[in-house]
Amino acid sequence: MLADVGGTNARFAWQDGPDAPIGDVLTLPCAEHERLADAITAYLGRAGRAAPRDCAIAIANPVVGDLVQMTNHHWSFSIAGLKAQFGFERLRVLNDFTALALALPTLKATELRQVGGGAAAPGTAIGLIGPGTGLGVSGLLPDGAGGWAPLQGEGGHVTLAGRTPREHAVLAWIGSLHGHASAERAVSGQGLVDIYRALGALDAANEAPNAGGNNAAEETPRAAADEATRAATAAAPGEIDAASITHAALQRGDARSAEAVNLMCAFLGTAAGNLALTLGARGGVYIGGGIVPRLGDAFARSPFRERFESKGRFSAFLGTIPVFVIHAEQSPALRGAASALNRFA
């Protein structure tokens, strides 16, 4: 049995053996199950199968030691306890983006859409980043023996920097809300909502009588953000969501929604360019997660690529690196989970 567990959905699948096709794919909303074990039981029941001998679970959080606590959902469990509960002989639990990285070499051209850059340099590092419920980051490094070593990190939680006064103000607002303006706080489903809320708060503060004194444009980003937070904490969480903002931007041409989407894409470009430089990812940078594929052609028109390359003296270096958006019908992380199970047999 294979699983790809995110903060919103848990995808399950079945594979009879290492070279067998992956089938019986079923997606279960995490919110409908109190525990991961309950979701596993529900999947096995719907698939009409008994608990298997082997299981691999790719999950959206760090996997260090026996206790697993999800970052963007309340599920937690003991690996040893889960193994005993279902009688697994082998249970492999790994980060979901580490699993997705393992699947990158298996992706077909039809599952990818290139956004700028040239050809990937064979045998060089590959970067992986992707916004969904959170922001996953990983990559592949050549292992010196013709294979790949996947990265296990939490790069989505690095500090995010702005480039313009507007971006600085938005990140200051997000930082005041969460205590830290990490990349995930802006480049994710909730991040898009918070960007939208920040824009509303900032605009409300700027439109207020005597906002910013005689010249609001001279106000510092931090002061603007503080004033915005005091003047209008914007829409309460739950009144809007990422899907409605994206729909308003792409289908209705709503100006604030469009600005929010473009800012998220710009921030993603900044983070992806940083990753490419850090890894020397001349093998390309891949974008996973559920948000970017839904943007379609709008993503190619967004500030993403310009921001990806905008690194001063290394702009030309980044200009050659291809970026690929993953458009796969079946979660590639399921393939990566299967690969992880076989790698550590």
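Look up: the structure comes first, before these words.
What this report covers is the structure whose coordinates are included nearby.

Definitions and cut-offs
Residues numbered from 1 in each chain as written. Predicted model: local features only at pLDDT ≥ 70, side-chain atom pairs only at ≥ 80, totals over all residues. Heavy atoms only, no water. Salt bridge = Lys/Arg side-chain N within 4 Å of Asp/Glu carboxyl O. Buried < 20%, exposed > 50% of the residue type's maximum accessible area, 1.4 Å probe, protein only. Axes fitted to C-alpha atoms, helices over the stretch in contact; angles between N-to-C directions. Helix = DSSP H or I, 4+ residues; strand = E, 2+ residues; numbered from the N terminus. Parallel < 35°, antiparallel > 145°, perpendicular 65-115°, else oblique. Contact = heavy atoms within 4.5 Å. Nonpolar A, V, L, I, M, F, W, Y, C, P; charged D, E, K, R; others polar. Pairing = 2+ DSSP bridges.

Concerning the pattern of salt bridges
Side-chain pairs of opposite charge can arise whenever the charged atoms involved come near each other.
Here is step 1: Applying the stated criterion across every chain yields a total of 12 salt bridges.
Here is step 2: Across the salt bridge formed by Arg11 and Asp4, the nearest N and O atoms sit 3.7 Å from each other.
Here is step 3: Residue class for Asp4 comes out buried when judged on its relative accessible area of 8%.
Here is step 4: Between Arg35 and Asp38 there is a salt bridge whose closest N-O contact spans 3.0 Å.

Let's talk about the packing of helix 4 (residues 165-178) against helix 9 (residues 255-279)
Here is step 1: Here helix 4 crosses helix 9 at 90°, and the two axes come no closer than 12 Å. With respect to their mutual orientation, helix 4 and helix 9 come out roughly perpendicular. Where helix 4 abuts helix 9, its residues Arg166, Glu167, Val170 and Leu171 lie against Glu259, Leu263, Ala266 and Phe267.
Here is step 2: Considering only residue class, the contact of helix 4 with helix 9 consists of five nonpolar, no polar and three charged.

With respect to the sheet that holds strand 7 (residues 90-95)
Here is step 1: Spatial ordering of the open sheet is given by 3-2-1-4-7, a layout of five strands whose pairing is mixed. Looking at which strands have only one partner, the edges of the open sheet turn out to be strand 3 (22-29) and strand 7. Between one strand axis and the next, the sheet turns by 15° as a mean value, whatever way the strands run.
Here is step 2: Across six bridges, the pairing between strand 2 (residues 9-15) and strand 3 is antiparallel. By the bridge assignment for strand 3, Phe12 is matched with Leu26.

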